[in-house]
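Summary of the model geometry
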Amino acid sequence: MNRIITIGREFGSGGREVGKRMAETLGVAYYDDEIISAIAERSSLAEDYVKQVVENRITAYYPITVASTFAMGAADATYGINRSIFAAQTEILKEMAQKSDCVIVGRCADYILADYKPFRIFVYADLESKIQRCRTKHTNGDADLSDKELEKKIRAVDKSRAQYYRFYTGQTLEDRLNYDLGINAYNEMKKAEAEKKANDALERYRKGEKLSDIAEELGEEVASFEEVTGYAYDADH
C-alpha cells in the first residue's frame, strides 16, 4: 500500500506551503488544485462551480454547465449535483492514492482515504499570524483589506470549511482525534521546527513504523483549535 499524507488546514495557516515542502522533501506527488480540474473534466461541470463546491460552499448556486446556463429550480437539484461532485472527488482521490506515494491537501482526504491509513496532519496558527500571512501573500486582494476585514474573511472561510467537512464526514474538522500530527505554524521558526518533526515522523511512517507509536510520541504537538487560537470555535455561529 502506498504511503499517503493528508493535510487539513485553517485558512491563512500556510497548509499548502507545508504540503508542497513535504512532497518536495520526500520526493512524492503533490495534489491540490489538480483535483478540481480532474473533477470538472470527469463530471463535465464548469471548473469554477466545482471549485466553489469543493472549496466548501456546499449550497453554491452557479451556472454549472461548461456549455450552457440554466436555472436549477430547486434546492434538491443542487444537492444532487453537489453530492455527485463529492462522489467524483472520492473516486479521484482513491485513484491518486492507488497510483503512488503522495501528499493531498484538503478535500476531506483524511476521511475519504481512511482505509489507506494516511498520515493525517492538521496545520493551524493563531489569528494574528494568519492575518499577517494573508497580507504578505497578496492573495485575492487580501493586502488591501483592514485587519478587521481579514479577520472576518478568515473566520468565514474556516467556518465554511468546517461546515463542508461536517456535512460530508459527520465529523469535526478541528478535532485533534482526527489527526496524527498537528503543526502550529504561528511563525516561520516554529513552522520550520514543526515541519522537521513532521518530516522525521513521515520518514518513520514510510519505513513501516506504526502510526499509533509515532502519534503517541509526538502527541504534544497536537493542540485543539481553542488552545491555539484563544477562542472557542462555534461551527453554527
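Residues numbered from 1 in each chain as written. Predicted model: local features only at pLDDT ≥ 70, side-chain atom pairs only at ≥ 80, totals over all residues. Heavy atoms only, no water.

Description of the pattern of salt bridges
Heads up, the condition is: In what follows, salt bridge is the name for a side-chain nitrogen of Lys or Arg lying within 4 Å of a carboxyl oxygen of Asp or Glu. Runs of E in the DSSP output that reach at least two residues are strands. Runs of H or I that reach at least four are helices, and both are numbered from the N terminus. Summary of the burial criterion: residues with accessible area below 20% of their type's maximum are buried, those above 50% are exposed, and those between are partly exposed, where the area comes from a 1.4 Å probe applied to protein chains only.
Here the structure, examined in full by the defined rule, presents 9 salt bridges. Notably, a salt bridge pairs arginine 120 with aspartate 180, separated by 3.1 Å at the nearest N-O pair. In this pair, arginine 120 sits in strand S4 (residues 119-124) while aspartate 180 sits in the loop between helix H7 (147-169) and strand S5 (181-184), placing the two residues 60 residues apart along the sequence. For aspartate 180, a relative accessible area of 7% corresponds to the buried category. The partner of arginine 135 in a salt bridge is aspartate 147, with the nearest N and O atoms 2.5 Å apart. One end of the pair, arginine 135, is in helix H6 (residues 127-137); the other, aspartate 147, is in helix H7, with 12 residues separating them in the sequence. In this structure aspartate 147 comes out as partly exposed when scored by relative accessible area, which is 47%. The structure contains a network of salt bridges with shared partners spanning Glu10, Lys130 and Asp158.

Side note on the pairing of strand S1 (residues 4-9)
Both faces of the sheet carry side chains from a regular strand, because those side chains alternate between them. Our working definition: Criterion used throughout: strands pair if DSSP finds at least two bridges between them.
By the criterion of burial, S1 is predominantly enclosed, with 6 of the 6 residues buried. What you see with S1 is no split at all: Ile4, Thr6 and Gly8 on one side and Ile5, Ile7 and Arg9 on the other are buried throughout. Two elements, S1 and strand S3 (residues 102-105), share 4 bridges in a ladder whose sense is parallel. Looking across to S3, one finds that isoleucine 5 is bridged to valine 103.

A word on the sheet that holds strand S2 (residues 29-31)
Condition: Axis definition: a line fitted to C-alpha atoms, over the contacting stretch in the case of helices. Angles run 0 to 180 degrees between N-to-C directions.
Reading across the sheet, the 5 strands line up as S2-S3-S1-S4-S5 and stay open at both edges, with parallel pairing between neighbours. This sheet does not close on itself; its edge strands, each paired only once, are S2 and S5. Sheet twist, expressed as the average angle between the axes of neighbouring strands with direction ignored, equals 20°. Pairing between S4 and S5: 4 bridges, direction parallel. Bridge assignment links phenylalanine 122 to a residue of S5, and that residue is glycine 182.

Coordinates in, geometry out; function isn't part of it.
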